[in-house]
Amino acid sequence: MYRKLYAGGFWLNSQFQYDVNLMDRYTNTIFRLLDVVEKYVNGNATLLSKLTSEMKLLRNTEHDFGRVSVRNDRTFLPLGILLYLYSKKFKNIILT
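Rules of the game
Residues numbered from 1 in each chain as written. Predicted model: local features only at pLDDT ≥ 70, side-chain atom pairs only at ≥ 80, totals over all residues. Heavy atoms only, no water. Phe/Tyr/Trp six-rings, centres within 6.5 Å; stacked < 30°, edge-to-face > 60°. Helix = DSSP H or I, 4+ residues; strand = E, 2+ residues; numbered from the N terminus. Buried < 20%, exposed > 50% of the residue type's maximum accessible area, 1.4 Å probe, protein only. Expected span 1.5 Å × (residues − 1). Arc of directions from axis to C-beta. Core = buried A, V, L, I, M, F, W, Y, C linked by side-chain atoms within 4.5 Å.

Novice: It is not clear to me how the packing of aromatic side chains should be interpreted in this structure. Could you clarify?
Specialist: How two aromatic rings sit relative to each other is set out by the distance from centre to centre and by the angle between their planes. Evaluation of the coordinates by the stated rule reveals 2 aromatic pairs. Where Phe 10 meets Phe 16, the ring centres are 4.9 Å apart and the plane angle is 20 degrees; that geometry is what we call stacked. With centroids separated by 5.4 Å and ring planes inclined at 70 degrees, the aromatic side chains of Phe 10 and Tyr 26 adopt a geometry described as edge-to-face. With Phe 10 in helix 1 (residues 2-12) and Tyr 26 in the loop between helix 3 (20-25) and helix 4 (29-40), the pair connects residues that are 16 residues apart, well separated along the chain. Classification of Phe 10 as buried rests on a relative accessible area of 18%.

Pasting the structure below:
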């Protein structure tokens, strides 16, 4: 599980997420991230849907993830800080 967890963390890391060459080399990280997410949502289909929707927003730099300030900061701010600062929607999903 730790390999899957590390692969998921790699995929979520904004420093790596938008490096096209790096993500092309490690395409399997999305599958491992989904394995981790599916394990911890405990069959809650609604939560799974919300989390995968947020993953799409992150990957496609949509909504708050596409803001100029986020795009400028994503190379040196950890993902947790970016999520905290720019995505109220994501925080609400995790907290509910």
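Novice: In this structure, what is going on with unusual backbone geometry? I would like to understand it.
Specialist: Positive phi values are uncommon outside glycine, yet Asn 42 reaches one of about 50 degrees. The residue Asn 42 is located in the loop between helix 4 and helix 5 (45-59) in this model. Overall, the relative accessible area of 68% leaves Asn 42 in the exposed class. For Thr 61, which is not glycine, the phi torsion reads 45 degrees and is therefore positive. Within the secondary structure layout, Thr 61 lies in the loop between helix 5 and helix 6 (68-73).

Novice: I tried to follow helix 4 on my own but got confused; where do I start?
Specialist: One full turn of an α-helix is made of 3.6 residues, so residues set three or four places apart face in the same direction. An ideal rise of 1.5 Å per residue puts 16 Å on 12 residues; helix 4 measures up with 17 Å between its terminal C-alpha atoms. Taken together, the buried positions of helix 4 are occupied by Thr 29, Leu 33, Val 36 and Val 37. The buried side chains of helix 4 occupy one side of the element, clustering within an arc of 95 degrees when seen end-on. Just downstream of helix 4, Asn 42 is the residue with a positive phi angle, here 50 degrees.

Novice: Quick question: what am I supposed to make of the nonpolar core here?
Specialist: One broad trend across soluble globular proteins is that nonpolar side chains are buried collectively. One finds Phe 10, Trp 11, Leu 22, Met 23, Leu 33, Val 37, Val 41, Leu 51, Met 55, Leu 57, Leu 58 and Phe 65 forming the largest nonpolar core, which totals 12 residues. Elements that contribute at least two residues to this core include exactly helix 1, helix 3, helix 4 and helix 5. The element best represented in this core is helix 5, accounting for 4 residues.

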